[in-house]
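In case you want the letters, here they are:
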Amino acid sequence: MHTLFLAPTGFGGGLNSISLGLIRALESAGLKVGFFKPIAQPFPVDQGRERSCILVERTLNLTSPEPLPLEQVERQLADGEIDLLLEDVVSRFQQVAVGKDVVIVEGMVPTRESNYTQRINTQLAKSLDAEVILIAAQGSDSLKRLAERIEIQAQLYGGAKDPKVLGVILNKVKTEEGLPAFVDSLKQHLPLLGSADFQLLGAIPFSEELNALRTRDIAELLGAQVLNAGEADQRRVNKIVLCARAVPNTVQLLRSGVLVVTPGDRDDIILAASLASLNGEKLAGLLLCSDFAPDPRILELCKAALDGGLPVMTVETNSYDTANNLFGLNKETPADDIERATRVTDFIAKHLHPEFLHTRCSVPRGELRMSPAAFRYQLVKRAQDANKRIVLPEGNEPRTIRAAAICQERGIARCVLLAKPEEVQQVAREQGITLPASLEILDPDSIANRYVEPMCEMRKAKGLTPDDAREQLKDTVVLGTMMLALDEVDGLVSGAVHTTANTIRPALQLIKTAPGYSLVSSVFFMLLPDQVLVYGDCAVNPNPSATELAEIALQSAESAVALGVNPRVAMISYSTGSSGSGAEVEKVAEATRIAQERAPDLPIDGPLQYDAASVLSVGRQKAPNSKVAGQATVFIFPDLNTGNTTYKAVQRNANCLSVGPMLQGLAKPVNDLSRGALVDDIVFTIALTALQAANQKG
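Criteria and cut-off values
Residues numbered from 1 in each chain as written. Predicted model: local features only at pLDDT ≥ 70, side-chain atom pairs only at ≥ 80, totals over all residues. Heavy atoms only, no water. UniProt positions renumbered as here; feature names shortened; annotations may be inferred. Pairing = 2+ DSSP bridges. Helix = DSSP H or I, 4+ residues; strand = E, 2+ residues; numbered from the N terminus. Axes fitted to C-alpha atoms, helices over the stretch in contact; angles between N-to-C directions. Contact = heavy atoms within 4.5 Å. Domains from an automatic or database assignment. Buried area = accessible area lost by both parts, 1.4 Å probe. Core = buried A, V, L, I, M, F, W, Y, C linked by side-chain atoms within 4.5 Å. Buried < 20%, exposed > 50% of the residue type's maximum accessible area, 1.4 Å probe, protein only. Phe/Tyr/Trp six-rings, centres within 6.5 Å; stacked < 30°, edge-to-face > 60°. Lys NZ or Arg CZ within 6 Å of the ring centre and 35° of its normal. Salt bridge = Lys/Arg side-chain N within 4 Å of Asp/Glu carboxyl O. Polar contact = N/O pair within 3.5 Å; in protein donor to acceptor, adjacent residues only side chain to side chain.

- Going by what an unreviewed UniProt entry lists, the protein is known as Phosphate acetyltransferase and is assigned to Stutzerimonas stutzeri.
- The heading Function (unreviewed entry) in the UniProt record of the protein holds the text "Involved in acetate metabolism."
- If you open the UniProt record of the protein and go to Catalytic activity (unreviewed entry), you find "acetyl-CoA + phosphate = acetyl phosphate + CoA".

## Let's talk about the sheet that holds strand S14 (residues 440-442)
- Read across the open sheet, the five strands follow the order S14-S13-S12-S15-S22; overall the sheet is parallel. Each end of this open sheet is capped by a strand with a single partner; those strands are S14 and strand S22 (670-672). Ignoring strand direction, the axes of neighbouring strands in this sheet form an average angle of 25°.
- Taken together, the two bridges between strand S12 (residues 389-392) and strand S15 (residues 491-494) define a ladder with parallel strand orientation. Within S15, the position partnered with isoleucine 390 by the bridge is glycine 491.
- Running over the sheet, helix H22 (residues 500-510) touches S15 and S22 and is turned about 170° from S22.

## Points about the domain arrangement of the protein
- According to the domain assignment, the protein consists of domain 1 (1-208 + 335-360), domain 2 (213-326), domain 3 (386-511 + 671-697) and domain 4 (517-664).
- In this structure, domain 3 and domain 4 have C-alpha centres spaced 30 Å apart.
- Tallying the contact residues gives 14 residues for domain 3 and 13 residues for domain 4.
- Buried area between domain 3 and domain 4, both sides added, is near 1,200 Å², and the carbon and sulfur share of it is 68%.

## Thoughts on the nonpolar core
- Among the nonpolar cores identified, the biggest contains 65 residues, and Phe525, Leu563, Val569, Met571 and Ile686 are the most heavily contacted of them.
- A domain split of this core shows at least three residues from each of domain 3 (386-511 + 671-697) and domain 4 (517-664).
- Leaving out residues up to four positions away in the same chain, isoleucine 686 has contacts with Ile390, Leu392, Ala403, Cys407, Ala413, Cys415 and Val493.
- Of all hydrophobic cores here, the second largest spans 52 residues; its members include Ala448, Ala469, Leu533 and Ala613.

## As for the packing of aromatic side chains
- One pass over the full model with this rule turns up eight aromatic pairs.
- Pairwise contacts between aromatic rings join Tyr535, Tyr610, Phe635 and Phe637 into one cluster.
- Just above the ring of phenylalanine 206 sits the side chain of lysine 174; from NZ or CZ to the centre is 4.4 Å.

## Some points on the sheet that holds strand S19 (residues 604-608)
- The six strands are arranged S19-S18-S20-S17-S16-S21 in an open sheet whose pairing can be described as mixed. Single-partner strands in this sheet number two, and they are S19 and strand S21 (657-664). Going from strand to strand, the sheet's axes swing by 20° on average, the running direction of each strand aside.
- Bridge count between strand S18 (residues 569-572) and S19: three bridges; the pairing is parallel. From the neighbouring strand, alanine 570 faces S19, where its bridge partner is aspartate 605.
- Lying on the sheet, helix H24 (residues 583-598) is in contact with S18 and S19; it crosses S19 at an angle near 175°.

## Remarks on the UniProt feature "domain: DRTGG" (unreviewed entry) in the protein
- Cross-referencing UniProt, the feature "domain: DRTGG" (unreviewed entry) maps to residues 217-326 in the present numbering.
- As annotated, residues 217-326 has a helix share of 34% and a strand share of 20%, and its two end C-alpha atoms lie 11 Å apart.

## Some details on unusual backbone geometry
- Cis geometry marks the peptide bond from glycine 536 to aspartate 537, where omega comes out at -15°.
- Within the element layout of this structure, aspartate 537 appears in the loop between strand S17 (532-536) and helix H23 (546-562).
- In this chain, glycine 606 is followed by proline 607 through a cis amide linkage whose omega measures 0°.
- With respect to the helices, strands and loops of the structure, proline 607 is situated in strand S19.
- The phi dihedral of lysine 172 is positive, around 55°, even though this residue is not glycine.
- With relative accessibility at 26%, the residue lysine 172 sits in the partly exposed group.
- For asparagine 387, which is not glycine, the phi dihedral falls at a positive 55°.
- With respect to the helices and strands, asparagine 387 occurs in the loop between helix H15 (372-386) and S12.

## Regarding the pattern of salt bridges
- One pass over the structure, following the stated rule, counts 38 salt bridges.
- The salt bridge partner of arginine 266 is aspartate 268, with a shortest N-O separation of 3.0 Å.
- Lysine 381 is the salt-bridge partner of aspartate 385, the closest N and O atoms lying 3.1 Å from each other. Remark: lysine 381 and aspartate 385 occur in helix H15; sequence separation between them is four residues, near one turn of the helix.
- For aspartate 385, a relative accessible area of 55% translates into the label exposed.
- Three or more residues are tied together by salt bridges with common partners; here these are Glu209, Arg214, Arg216, Asp217, Glu220, Asp233, Arg236, Asp336, Asp337, Glu339 and Arg343.

## Observations regarding helix H21 (residues 476-485)
- Burial analysis of H21 places 10 of its 10 residues in the buried class, which makes it a mostly covered element.
- Taken as a whole, H21 has its buried residues at Thr476, Val477, Val478, Leu479, Gly480, Thr481, Met482, Met483, Leu484 and Ala485.
- Between the side-chain oxygen at the start of H21 and the backbone nitrogen of valine 477 there is a gap of 2.9 Å, and the oxygen is on aspartate 475.

## Side note on the pairing of strand S1 (residues 2-8)
- Counting buried residues along S1, seven of its seven residues qualify, which places the element largely inside the surrounding structure.
- Residues His2, Leu4, Leu6 and Pro8 line one face of S1 and the alternating positions Thr3, Phe5 and Ala7 line the opposite face, and both faces are buried.
- The sheet contact formed by S1 and strand S3 (residues 102-106) spans five bridges and is parallel. Across the sheet, histidine 2 pairs through a bridge with valine 102, a residue of S3.
- As defined by bridge partners, S1 adjoins strand S4 (residues 131-137) across five bridges and the pair is classed as parallel. Of the residues in S4, the one forming a bridge with alanine 7 is leucine 134.

Quick look at the structure:
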């Protein structure tokens, strides 16, 4: 499925009109097309649903989810909740994408009131892993300035040579030399136009007729008082004439489609317009200004013209201000003007060049990149569907309590806090946390005894006595692990105040490793700006052997698949291929060989330096025959020192969210937190744990 993001390069580009025409062109080519407007941008006169969605629905019979309200978006941006905003967008997009070959996504139009639209558009395109089409109109710009504007906008999405930046559609082209000559002139300033890297996908000439508002629209936009509606719903304003001259010099201007603007006391102009109307000229209407009410006797004399459909309106502003207001009107297609919308749709579709898009959209896209917003959305959605019970041994820790409340409220998991209820309630009061009524809080002292006998049975080979068991069960991590071992809960999350060893040791003693694995390792899901990468092992094994490193690679690839990331595994070293030597390089090379033998169908390569694994141009240079170099999604580090340092450097300097560590290799899901974990980190780790539980048991 392809996603085409329409990104306007400035004001007045006719974005929704392009959406309509593009949908029609692609549907005519036999593709199943969907439409999505992520964020509403209502005009001041709009009420109710988003205009773009209404026009697409009424003109093309395509329904789409409601866009996010602009007020909500601006509030979330002000509160720093861009991640939640993008997750909501991805959720709504998923509703549209089902069963479609291509989805047209309409970006935000820049306005004088909002200086954030370009930033939001780039985030939207990345979150939806979309291919980008720029929408440009020349307006009052020179060709040089138009070309510069297109190039600047292309750079925001990765540059004109980025494979996701498909090209540009030129709209409202005003030229006396013809479209081909106009395009040739523009190419002198924008050589990339029409190249294989950056396509000209259409050039739509300006049409005054298609830009014409109905007389009724003019009245509504001006707030005019309608004295005679006549055919205001049908007649269109193709030209505006401000009548200040004598009647003989005005007669030749009174033609069909003309809106006559004159002061209300110009009886001669009113009579002349009425006579022209009776002679068959379907004037767009009479707009009487300067707050002069027309003489009722004159209107009575013009009754035949009024009954024949001549619209008459009046406004309080003087001639000059009325003219300014008229020429400053927004001429976008009103939501209920389906006749105009249909003609615009057909006109634009005729001037697009859909062959390139049809060819591209008819072929399934290669591997889609998992964007951070899509990862978070899918993680939460799948955790909600799993409905797992997760125990949190650090039940009186403030961040853990808040995370548990969030998870319970959002249905991410059924959380169990191990703590005295009065302690949890006191922390909640102090922190301003609302505890959901369904949130389960268990007093460890009241339940520990029932786990003594089962724990002694599990560890009888080690000679565990009941007294020793009671002592160990005072540790809530051990208590929670016993609950997991007995299948009373589906997973465990700890580490906000405990070390990794405190979390893992009871799991190794009571849960054991999964079949086929001999060690426990970890991965972080690194939510970079435009994709999600998997890093392992950055939390558990200090210096794994080649065999252990191979096992970590296979575990990490499985974890990537479980979370929707297509695994291409890079075994990281300070050397690429055979360019370097030394025991550490040889260990990575041997680990790669073992992993390849155990999973021959898994794309895995090494040793690879980090830049050779992650940057396509470097990968092609250093490892030209590799299926992994330059496009790795899973990075396996040779030791804990390298892995932990790298993940923290990337997390902090790239300002990205890292989800994890997620432990892998255990028979049941136990996950460790960083002691510096934020509430969001804990929420996502709980969701990961729930998803692990669902995968292991289903």
